[in-house]
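# Examination of the molecular architecture
Chain by chain, the residues:
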Amino acid sequence: MNNTQYQQSVNGDYGKQVYMIQLKKWQSLRVVTIAILTFLLVLSGCTPAETSIEDNSEPIRIAALKGPTGIGLVKLMNDQEAGTTKQNYSFTLTATPDDIVAQISSGQVDIAAVPTNLAAVLYQKTQKEVQMLAVNTLGVLYVLEKGDTVQTFEDLAGRELLATGQGAVPEYALNELLAKTGLADQVTVTYLTEHAELATRAVAGEADLVLLPEPFVTTVLSKNPDMRQALDLTKVWQSVHQGSNDSELAMGGMIVTSQFAASRPQAVKTFLEEYKQSVDVVNNNPEQAGEWVAEHEIIADANLAAKAIPNCNIVLIHGQEMVGVLEPLFAILHQANPKSVGGSIPDQDFYYIP
């Protein structure tokens, strides 16, 4: 019954008194109801002053190394330039990990492609301000031989192997394989400082057996027809560790700052979806990807890039599967040299699992 109807149903002062009493009761009930609803809104965290909508006004800042860890991004970079991405990105490419470390430390980057062990180091160094978002590159190490005598890893016994990457993942990975196969005392490993120096010697025919990463492997093979790819260390690693755990020779990955991951989870989800599409196109169409790689000066020669891409083991592994891949690897690296993973094996907070 509304107020007018109620007034018309009563007569005289008595009716007015009854009306006023009913009106006051109704007003009191209304005040109590509003108070209860407001209280419930506060409890649920849904006050009018708050919002759960992410701030998408700023571009997602992505940094990557020039090399295999950055190759999977090239379609996404191309789409950004064409204006066809679902969200806005800005990309920075650099030749050295130190540059990315500086950008992360100064807050200039939201997501970065880095070596997996560097991700662990940054996690410790920044007091857990970064998280592992995904593995994006498996092993890129290959043994090249001038000749045809090395068919299995055991065929390295009694030989001298020239390599690069001393004091880093290539050395620790090679030592792990030599130890697991019982060849630690049977193979002489001589380390050179630079990949380019070793590749030059191999091209000139001054080295018979070398361990190199991509894209230097493809460079050597394209310039010296006497050299051949003898061993893929990623496959050797899988064979040696088969049945013991899910360990992979995961050499590259994506990290995200903890602040960005917490404040923009939908943006992270969308990035992974678009990055997956980019990775698939790169792997399925290396010729087109090679052109993009050259355009962005990740690798100067498009044909060389196209030939190298199949050997770069570009992937996208995230979530719980990522944990199974990396934990055994970090344990191996920590045993070889604790400093290689920042002094201790990363805990579960290191892994970004929404």
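A brief look at the structure comes next. This one's a predicted model, so the numbers in the text were calculated from it and none came from an experiment. (Residues numbered from 1 in each chain as written. Predicted model: local features only at pLDDT ≥ 70, side-chain atom pairs only at ≥ 80, totals over all residues. Heavy atoms only, no water.)

### Remarks on the overall build of the protein
Note the threshold: Secondary structure counts use DSSP, requiring at least four H or I residues in a row for a helix and at least two E residues in a row for a strand, with both numbered from the N terminus. Only protein chains enter the area calculation, which uses a 1.4 Å probe; residues under 20% of their type maximum are buried, those over 50% are exposed, and those in between are partly exposed. Residue contacts are counted whenever heavy atoms from the two residues lie within 4.5 Å of one another. For accessible areas, the Shrake-Rupley method is used with a probe of radius 1.4 Å. Any residue's cover is judged against the shown protein chains and nothing else.
Looking only at helices and strands, the protein has 15 helices and eleven strands in total. With 354 residues in all, the protein has 47% of them scored as buried. The contacts in the protein between residues at least 6 apart in sequence include a share of 77% that link residues at least 24 apart. Carbon and sulfur atoms form 50% of the exposed surface of the protein, whose accessible area is close to 17700 Å².

### Focus on the nonpolar core
Basically, it comes down to this: The definition of a nonpolar core used throughout is a set of buried Ala, Val, Leu, Ile, Met, Phe, Trp, Tyr and Cys residues joined through side-chain atoms within 4.5 Å.
Of all hydrophobic cores here, the largest spans 58 residues; its most connected members are Val135, Val143, Phe153 and Leu326. Sorting elements by how many residues they give to this core places helix α15 (residues 320-336) first, with eight residues. Excluding residues within four positions of it along the chain, Phe153 makes contact with Leu174, Leu177, Leu178, Thr181, Leu183, Leu231 and Val236.

### A word on unusual backbone geometry
Backbone geometry follows two general trends: most residues other than glycine have a negative phi, and most peptide bonds adopt the trans configuration. In this structure, Pro215 follows Glu214 across a cis peptide bond, with omega equal to 5°. Relative to the helices and strands, Pro215 resides in the loop between β8 (209-213) and α9 (216-223). Phi at Glu297 is positive, roughly 60°, even though this residue is not glycine. Examined against the element boundaries, Glu297 turns out to sit in the loop between α13 (286-295) and α14 (302-308). Backbone geometry places Asn313, a non-glycine residue, at a positive phi of 50°. Turning to its location among the elements, Asn313 is positioned in the loop between α14 and β11 (314-317). Assessed through its relative accessible area of 21%, Asn313 is described here as partly exposed.

### Overview of the pattern of salt bridges
Between side chains of opposite charge, a pair can form when the charged atoms approach closely. As a reminder of what qualifies: A pair is scored as a salt bridge if a Lys or Arg side-chain nitrogen falls within 4 Å of a carboxyl oxygen belonging to Asp or Glu.
Evaluation of the coordinates by the stated rule reveals eight salt bridges. Among the salt bridges present, the one from Lys75 reaches Asp79, with a minimum N-O distance of 2.5 Å. Of this pair, Lys75 and Asp79 both sit in helix α4 (residues 74-82), four residues apart, roughly one helical turn. Of the two residues, Lys75 and Asp79, both sit in the buried class. The partner of Asp148 in a salt bridge is Arg228, and the shortest N-O contact between them spans 3.2 Å. Of this pair, Asp148 sits in the loop between β5 (141-146) and β6 (160-163) while Arg228 sits in strand β9 (residues 227-232); the two residues are 80 residues apart in sequence, bridging distant segments of the chain. Beyond isolated ion pairs, a larger network of salt bridges with shared partners links Glu145, Asp148, Arg159 and Arg228.

### Concerning the pairing of strand β4 (residues 130-137)
Test applied: Strand pairing follows a simple DSSP-based rule, namely that at least 2 bridges must link the two strands.
Where burial is concerned, most of β4 is hidden: eight out of the eight residues are buried. In the sheet, β4 pairs with strand β10 (residues 252-257) via six bridges, with the strands oriented antiparallel. Residue pairing for β10: Met132 is matched across the bridge by Ile255. Sheet analysis places β4 next to β11, joined by two bridges and oriented antiparallel. Residue pairing in the sheet places Thr137 in a bridge with Ile314 of β11.

Purely geometric stuff here, so don't read any function into it on its own.
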